[in-house]
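Working through the structure, step by step
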Amino acid sequence: MTIKIGIVGYGNLGKGVECAIKHNPDMELKAVFTRRAPESLKLLTEGVKVFSYDEIMSKKDSIDVLILCGGSATDLPVQTPELAKHFNVVDSFDTHAKIPEHFKAVDEAALEGGKVGIISVGWDPGMFSLNRLYAGAVLPGGHDYTFWGRGVSQGHSDAIRRIDGVKDARQYTIPVEEALQKVREGKNPELSVRQKHTRECFVVAEDGADLDRIREEIVTMPNYFSDYDTTVHFISEEELLKDHKGIPHGGFVIRTGTTGWEDENSHVIEYSLKLDSNPEFTSSVLAAYARAAYRLNQEGQKGCKTVFDIAPAYLSSLSGEELRKHLL
């Protein structure tokens, strides 16, 4: 019996989810929902239809889990709680400062509808969050450090594209190498967000747009750019397609800590990712958590969950017996 998946939004993330479903034999893509003209989209999966977002409620009996592929700036804060009343849902909401309020809204909706909503799924928040938790539990006396990049941030790029007068954009998050080295050496530096990363933006503006206004809106944007040293480059559409076509990313979660009666032994835990495609990797994590959402709801659970609440076995297509035999 396959898990019937619906995709909401068919940008880079939605296309990545479609690819991820292909690699998970226990899943089946049932429908894609879009705010664009449905006939304008061509899917990779034969026989699957594209529907207008306005038609989504008519399909709630034929879909087990909706994977929401919109942006965190304006889409997911509205869509996830709206849909969690009627569907099991998974999203990749990544505005860290607003996760508590997003959780509350989705939890109320999912409890009302008897559904499971899993939020903030991806690699950060998501896989990196889990590694911070595991490392902190193992080394309680220590320090956490997270570095992202160098890579393209989908959420930050999307936030720039929402600015009036912006045609397209890519935003790179770049670790400060000196800070990263101090952490790896176990020096436990106190680092502000500005000391850990810089942000570099490549923006294609619409003809006649006010470039100074766009630059000011970017560098002062709360939760995205205001706390970082941010550089904005205005380039042509041709340059963007030529030099910034890919969507690579990655990063490091590092925990330094000590053990022993006198804290005489030092330890460094490091988890790293190097990704050719940020959206495709994120999509693969979303697919695994869609499996968990389905299983949890089949057990009668409801409400909002995060990666912290879900046992690893729920993510795998393998049985408990297979996991114990081959992976434990």
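What counts and how
Just so you know, the residues in each chain are numbered from 1, in the order the chain's sequence is written. This being a predicted model, a pLDDT of at least 70 is required before a residue's local features are given, and a value of 80 or more before pairs of side-chain atoms are given or counted; all residues contribute to the totals for chains, interfaces and linings. To get the side-chain values, take all heavy atoms of the structure and skip hydrogens and water. The criterion for strand pairing is that DSSP finds at least two bridges linking the strands in question. Secondary structure elements follow DSSP: runs of H or I no shorter than four residues count as helices, runs of E no shorter than two count as strands, and numbering proceeds from the N terminus. When checking whether two residues touch, look at their non-hydrogen atoms; a contact exists if any pair is within 4.5 Å. To get an axis, a line is fitted to the C-alpha atoms, and for a helix only the part in contact is used. The angle between two axes follows their N-to-C directions and goes from 0 to 180 degrees. To sort residues, take the accessible area from a 1.4 Å probe on protein chains only and compare it with the maximum for the residue type: under 20% means buried, over 50% means exposed, and anything in between is partly exposed. Stacked, edge-to-face and tilted are the three classes for Phe, Tyr and Trp ring pairs, Trp counted by its six-membered ring, which pair at centre distances within 6.5 Å; planes under 30 degrees apart are stacked, over 60 edge-to-face, the rest tilted. We call a crossover right-handed when, viewed with both strands directed away from the observer, the connection leading from the first strand over the helix to the second proceeds clockwise. UniProt positions are given in the numbering used here, feature names are shortened, and annotations may be inferred rather than shown by experiment. Within this analysis, patches are made of residues with over 30% relative accessible area and no salt bridge. Like charges are joined at 9 Å or less; nonpolar side chains (Val, Leu, Ile, Met, Phe, Trp, Tyr) at 5 Å or less. Surface accessibility follows the Shrake-Rupley procedure with a 1.4 Å probe radius. Residue values consider only the protein chains on display as shielding. Whenever Lys or Arg places a side-chain nitrogen within 4 Å of a carboxyl oxygen from Asp or Glu, that contact is recorded as a salt bridge.

One open sheet holds the four strands; their spatial order is E8-E9-E10-E11, and the pairing between them is mixed. Among the strands making up the open sheet, the edge pair consists of strand E8 (151–152) and strand E11 (229–234). By the bridge criterion, nine bridges tie strand E9 (residues 166–175) to strand E10 (residues 197–205) in an arrangement that is antiparallel. Across the sheet, Ala169 pairs through a bridge with Val203, a residue of E10. Together, E8, E9 and E10 form the strand contacts of helix H5 (residues 154–161), whose direction differs from that of E9 by roughly 145°.

Moving on to the environment of Ile160. Tracing the backbone through its elements, the reader meets Ile160 in helix H5. The buried category is assigned to Ile160, whose relative accessible area is 0%. The spacing of Ile160 and Thr146 is 14 residues in sequence and 23 Å in space, taken between C-alpha atoms. Ile160 has contacts with Val166, Ala169, Gln171, Cys201, Val203, Ile218 and Phe225, leaving out every residue within four places of it along the chain.

This part covers the packing of aromatic side chains. Applying the stated criterion across every chain, the model contains five aromatic pairs. Measuring from ring centre to ring centre gives 5.9 Å for Phe128 and Tyr271, while their planes differ by 80°; the resulting arrangement is edge-to-face. With Phe128 in helix H4 (residues 127–138) and Tyr271 in strand E13 (residues 265–275), this pair connects stretches of sequence that are 143 residues apart. Judged by its relative accessible area of 23%, Tyr271 falls in the partly exposed class. Judged by centre distance (5.7 Å) and plane angle (90°), the rings of Tyr172 and Phe202 are edge-to-face. Residue Tyr172 is located in strand E9, and its partner Phe202 is located in strand E10; the two are separated by 30 residues in the primary sequence. With a relative accessible area of 7%, Tyr172 lands in the buried category.

Our focus in this paragraph is the sheet that holds E13. Two modes of strand pairing occur in sheets, parallel and antiparallel, and in both the strands are linked by backbone hydrogen bonds. Overall, antiparallel pairing links the three strands, which are arranged E7-E12-E13 in an open sheet. Only two strands of the sheet have a single neighbouring strand rather than two, namely strand E7 (142–148) and E13. Across the sheet, the mean angle from the axis of one strand to that of its neighbour is 10°, orientation sign disregarded. Pairing between E7 and strand E12 (residues 249–259): seven bridges, direction antiparallel. When the sheet's bridge partners are listed, Trp148 is paired in E12 with Gly251. Contacts between H4 and the sheet are confined to E7, E12 and E13, with E12 contributing the most and set at about 5° to the helix.

Our next topic: the pairing of E11. Sheet topology note: the E10/E11 ladder contains six bridges and is parallel. Its bridge partner being in E11, Phe202 is matched across the sheet by His233. After leaving E10, the chain enters helix H8 (residues 211–219) and then returns to the sheet as E11, a path that is right-handed.

Time to look at the UniProt feature "domain: Meso-diaminopimelate D-dehydrogenase C-terminal" (unreviewed entry) in the chain. Here the UniProt feature "domain: Meso-diaminopimelate D-dehydrogenase C-terminal" (unreviewed entry) sits at residues 122–277. Note that residues 122–277 is 31% helix and 36% strand, and that its end C-alpha atoms are spaced 13 Å apart.

Residues Leu133, Tyr134 and Phe308 make up a contiguous nonpolar surface patch of about 310 Å² in total accessible area. If you trace the backbone, Leu133 turns up in helix H4. Assessed through its relative accessible area of 41%, Leu133 is described here as partly exposed.

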